[in-house]
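Here is how the chains run, residue by residue.
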Amino acid sequence: MKRVSRGIRETLPGDALVLAVSGRTGPPPLRFERADGGRWLLRQGERPLLVGRLTDGGCCPDLRLRRLDGYRSPLPPLTAAAQRARTAWAHHCARLLEEAPHGPLHDGRWHLRRRTAFEPGVWGEDYVTTWPDAELGLWCAGGWHGVLPLRPLSPPDAPRVKAYRRHAREGSLAPVLLWWVSFLDGWLILDGHDRAVAALAEGAEPVCVELVRAPDEADSRRTLAEVTEAHEQLMARLDARPPHPGHAAQRAALERGYADALGSLPYEPEGTRVWPLPGGAPAWDVLAARAMLECPGD
């Protein structure tokens, strides 16, 4: 059996961590690939899961996509006992993702954290419930800010969903694992499709664990130096002014802002890595034609 390469963990408050992965050069099993002309592909191993293409919409294009069956969660199925256990879910997901033979991890730093609140609309109008086709309206600055399932959603009265709904009512429902994708400014469901359906059916947004790429250490140190230099310049300008009644309050506000910035800097999201599509646009056209045959439209 191939030995699993363990990453270095940096534990953070509130069921969160940064996982430094090494020894996994090259494309991971679950990866995005891109060809010219706004063509996108999500692949797991050699199996295509999603083909998408940007429309000619000026500064605000749409991303039209079609998903194919065959997605495999990188996490093993949960037992009822595991759900009821008091688990540090971000650390639990990190361990399982490291062991997963068909997950998205590659060399670099990854931030995993428990997330209980989202902006309005993420689990509403921007939660994709149709299958297999979807059209994502991207903002002019890029992004869409919704949740995209990677398999058809079960109905709320399906037996498995009904079992999860009991967990939701008891407060023991395990979180949904989301992968934040920078060029969508949105999330893919990696694990927990039925748990998401169950939580929403019970009138609550799903509690989630979010997987995000984090900047490497060199970038973090460089940004830290830039922020520190800017802060010191602001403080020097403030101290150079004649004393006034609000001086102490302004100084305290600058110090709080600097502390808040330092607290978030190492974990600001990094762009999702995308690999070149082997064969380029012609290969994408073949895969898109295959998707139309396997998932004919209405």
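Our structure's up above, just so we're on the same page.
Residues numbered from 1 in each chain as written. Predicted model: local features only at pLDDT ≥ 70, side-chain atom pairs only at ≥ 80, totals over all residues. Heavy atoms only, no water.

**Examining unusual backbone geometry**
- In this model, Trp131 is joined to Pro132 through a cis peptide bond whose omega is 5°.
- Relative to the helices and strands, Pro132 is located in the loop between strand E7 (108–115) and strand E8 (133–137).
- With phi around 55°, Asp15 is a residue other than glycine that occupies positive phi space.
- Relative to the helices and strands, Asp15 is located in the loop between strand E1 (8–12) and strand E2 (16–21).
- Look at His145: it is not a glycine, yet its phi comes out positive at around 70°.
- Mapped onto the secondary structure, His145 falls in the loop between E8 and strand E9 (147–148). (Helix = DSSP H or I, 4+ residues; strand = E, 2+ residues; numbered from the N terminus.)

**Side note on the packing of aromatic side chains**
- Summed over all chains, the structure comprises 6 aromatic pairs.
- Ring geometry for Phe32 versus Trp179: centroids 5.7 Å apart, planes at 45°, classification tilted. With Phe32 in strand E3 (residues 30–35) and Trp179 in strand E10 (residues 176–181), the pair connects residues that are 147 residues apart, well separated along the chain. Each member of the pair, Phe32 together with Trp179, is buried.
- Measuring from centroid to centroid gives 6.1 Å for Phe118 and Trp123, while their planes differ by 85°, and the two rings are edge-to-face. Exposure class is identical for Phe118 and Trp123. Each is buried.
- Put simply, the rings of Phe32, Trp40, Trp179 and Phe183 touch in pairs and so form one group of aromatic residues. (Phe/Tyr/Trp six-rings, centres within 6.5 Å; stacked < 30°, edge-to-face > 60°. Buried < 20%, exposed > 50% of the residue type's maximum accessible area, 1.4 Å probe, protein only.)

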